[in-house]
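# An overview of the molecular structure
Chain by chain, the residues run as shown.
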Amino acid sequence: MPGAAGCKWFCRPAALALATALTMSFGLLAQEPEKDQKPEVAQEKPLLDEKASAEVLQSLQQLRAAVKKRDQGDKAEAAKTPLPRRPARTVTPPTLTSAELDRLLEQYLKKTNPKVEPAPLTSDVEFVRRVHLDLAGAPPTPGQILFFVNDKSTDKRARLIDALLQSPAYARNWAHYWKDVIRFHATNQNALQVRYDALEDWLTEQFKKNKPWDEIAKAMITATGRVDENGAASLALAHEAKPVELAGEISRIFLGVQIQCAQCHDHKTDSWKREQFHEFAAFFSGTRAKPIVRAMPGQLPVFEVEVQGRPRYTMPDLANPTKQIPVAPKFFLASAKADAKLPETIDAVARRTLGASYITGQDNPWFARAFANRMWYALMGESFYDAVDDIGPERTPKAPEVIETLADQWQRGGYDIRWLLRTIMGTEAYQRRVRAATTAAGKTAFASNCPSRLRSDQIVEALSEALGLPEDLVAVPTAALNRGPGGKPALAAQDPGKNRPQSSKKAVESARLASAAAQGKGQGKVTRLGGPRTAFNALFGIDPSIPNDDVMGTIPQALFLMNGPMVHNRTQARPGTVLGEILATAPDDRAALNALYLRVLSRQPNAKEVEACSAYMAKVGHRVEVFEDIYWALINSTEFVSRR
């Protein structure tokens with residue numbers, strides 16, 4: 001039999017499994033019969049005699065010793081090999097102000113479009129709706145609108161932004177946004193396995209605590225364990241913990257670089273090489289997605305990201321598909337000073353930790369630029385790079401001095417998300433009117449704010465406010481949303497008195513800036529599996545990474561708003577509905593029209609709209625029918641599902 005040195009040929013997983021099987025067979029065959037036991041039939045002769053059995057056992061012992069020695073040698077080698085020393089994270093308080101950002105943009109516009117006059121600042125009515133949707137993910141209530149408009153203080157816009165940034169609704173809104181950034185490109189769309197609800201809950205806690213973006217990113221990139229205990233593991237589970245899938249998505253999400261096209265061949269249009277992709281993917285080897293709790297009635301399945309023993313990453317040899325080429329981890333962005341390959345023996349945890357440090361490090365400008373560019377796009381409707389997830393050293397941005405200054409200050413300041421949002425939203429650029437693409441300002445980058453379609457969660461909140469739906473849609477049985485017009489009131493019985501007018505004193509109190517922001521709609525809601533919000537998201541869901549111009553309404557969406565039983569039932573003038581209360585309490589038709597517009601579109605009707613509604617009322621002659629039709633028309637307007 002071979003000695004310990006001669007067991008190398010046997011140190012393979014398949015051989016180890018065979019050896020284990022032999023051990024079990026030998027154990028069963030070597031059992032002696034109990035004393036006084038008389039077998040009914042003659043026993044078969046053992047497959048192995050005593051001498052052969054002893055030799056097998058000796059070989060197994062030598063095999064185990066060789067495997068143990070190899071593993072210990074790998075660990076010792078990895079411990080001896082010094083890993084690259086990453087720069088320490090430092091925090092320098094940013095000095096950039098909103099006014100300075102405006103000055104940089106003004107210089108850019110004068111240099112590139114000197115004849116274009118930027119759009120004027122938007123009105124208070126438009127601003128309060130915009131900022132509520134952008135930060136809290138829901139339109140303001142009529143009381144919040146009236147209080148803000150009647151406030152004569154000069155700093156009220158800044159105070160409203162600060163109040164909303166501290167609200168629970170802010171954390172939930174942006175958690176939903178980033179969940180969708182991950183979900184729409186996931187390899188595994190099975191929500192039962194990935195648990196996007198756990199990811200949203202986890203992200204909500206991070207934003208609520210104002211965790212720096214680099215810490216949030218690192219936690220998701222390195223997450224292991226059960227997804228029901230660590231929602232950050234959903235990122236790996238969304239891609240089945242496969243290195244090649246994670247490499248492409250982590251680069252897209254956190255760096256804004258599309259390197260996944262280099263997986264099979266050198267990139268056709270960019271300089272990324274196939275070897276660079278697989279060197280980056282090697283950072284994410286050594287883990288797997290593992291089911292640990294089976295689905296049962298009343299019990300969701302639970303998956304975990306499990307760390308495996310010895311990570312080995314290889315890529316196929318294009319010249320010989322049957323051959324695999326070992327690949328060591330290496331970061332592909334030279335600006336991060338990752339010049340040397342790492343040892344192949346580095347374990348899975350160290351790989352991901354080091355990879356995350358390259359991605360989020362302050363010596364890598366693309367991590368900060370990707371986030372700043374994406375936030376600018378979400379708040380302005382346009383970005384410095386044409387695509388929010390396709391930037392990088394080979395792309396030329398618009399107004400480079402603006403994005404580079406903003407990203408650099410944010411990065412040096414420690415990736416404070418609230419600071420970034422506050423600085424952008426405090427600019428005149430953010431607070432400008434929305435202009436149509438037919439105007440000079442509308443055609444010119446950064447000369448006006450740009451309209452965009454609301455995300456699915458924002459549409460849900462807008463419908464909840466406009467129709468007077470229950471505070472928590474999760475508590476509403478899904479069947480209640482599907483009752484036909486002839487059935488019982490779909491939702492009215494579940495929120496009695498919710499929309500009754502408040503006294504003026506109570507309305508003022510409830511609309512104060514800080515408290516109003518702190519109790520914004522949607523603050524404690526999460527999309528639970530199988531609930532009504534899941535259906536809303538499936539119908540109105542939008543990938544946050546695609547250009548606004550590519551976002552189009554669909555026929556099912558239009559049919560839901562036009563003919564759906566929920567909209568039909570809730571736009572009727574019955575006791576307990578929004579319209580029923582408005583018509584019962586408004587002193588005249590003009591006051592009722594103002595109240596209805598304020599509730600649905602967060603503004604009062606203009607002169608042309610008043611004239612058109614009055615003419616329609618004179619033509620139809622039936623007050624209730626006219627207001628039901630107007631209500632339905634406002635819900636189905638483009639303005640209702642748009643951010644302006």
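Just above sits the structure.
Attention here is on the structure that accompanies the text. (Residues numbered from 1 in each chain as written. Predicted model: local features only at pLDDT ≥ 70, side-chain atom pairs only at ≥ 80, totals over all residues. Heavy atoms only, no water.)

On to the side chain of N449, then. Of note, N449 is situated in the loop between α18 (440–443) and β6 (452–453). Reaching out from N449, the side chain makes a polar contact with the side chain of R643 at a distance of 3.1 Å. If we ignore the near neighbours within four places in the chain, the residues touching N449 are R130, L379, M380, G381, A429, Y430, R432, R433, V434, R435 and R643. (Helix = DSSP H or I, 4+ residues; strand = E, 2+ residues; numbered from the N terminus. Polar contact = N/O pair within 3.5 Å; in protein donor to acceptor, adjacent residues only side chain to side chain. Contact = heavy atoms within 4.5 Å.)

Let us look at the packing of aromatic side chains. For the structure on display, the rule yields 24 aromatic pairs. Taking the centre distance of 5.5 Å and the plane angle of 80° together, the rings of Y177 and W178 count as edge-to-face. According to the relative accessible area criterion, Y177 is buried, its value standing at 3%. Judged by its relative accessible area of 3%, W178 falls in the buried class. The interplanar angle of 85° and the centroid separation of 5.1 Å between the aromatic rings of W410 and Y415 together place this pair among those described as edge-to-face. As far as the burial class goes, W410 and Y415 line up, both buried. Chaining the aromatic ring pairs together yields one cluster made of W174, Y177, W178, W213, F254, F367, F371, W410 and Y415. The cationic tip of R369 hangs over the ring face of W366; the distance from NZ or CZ to the ring centre is 4.7 Å. (Phe/Tyr/Trp six-rings, centres within 6.5 Å; stacked < 30°, edge-to-face > 60°. Buried < 20%, exposed > 50% of the residue type's maximum accessible area, 1.4 Å probe, protein only. Lys NZ or Arg CZ within 6 Å of the ring centre and 35° of its normal.)

Moving on: the pairing of strand β3 (residues 302–307). Sheet topology places strand β1 (residues 225–226) next to β3; 2 bridges connect them, and they run antiparallel. Bridge assignment links R226 to a residue of β3, and that residue is E304. Two strands pair when backbone bridges link them, and strand β2 (residues 287–293) and β3 are joined in this way by 6 bridges, in the antiparallel orientation. Following the sheet pairing, P291 is matched in β3 by F303. (Pairing = 2+ DSSP bridges.)

Further remarks concern the sheet that holds β1. Taken in spatial order, the 3 strands make up an open sheet running β1-β3-β2, and their pairing is antiparallel. Among the strands making up the open sheet, the edge pair consists of β1 and β2.

That's the geometry; what it means functionally is another story.
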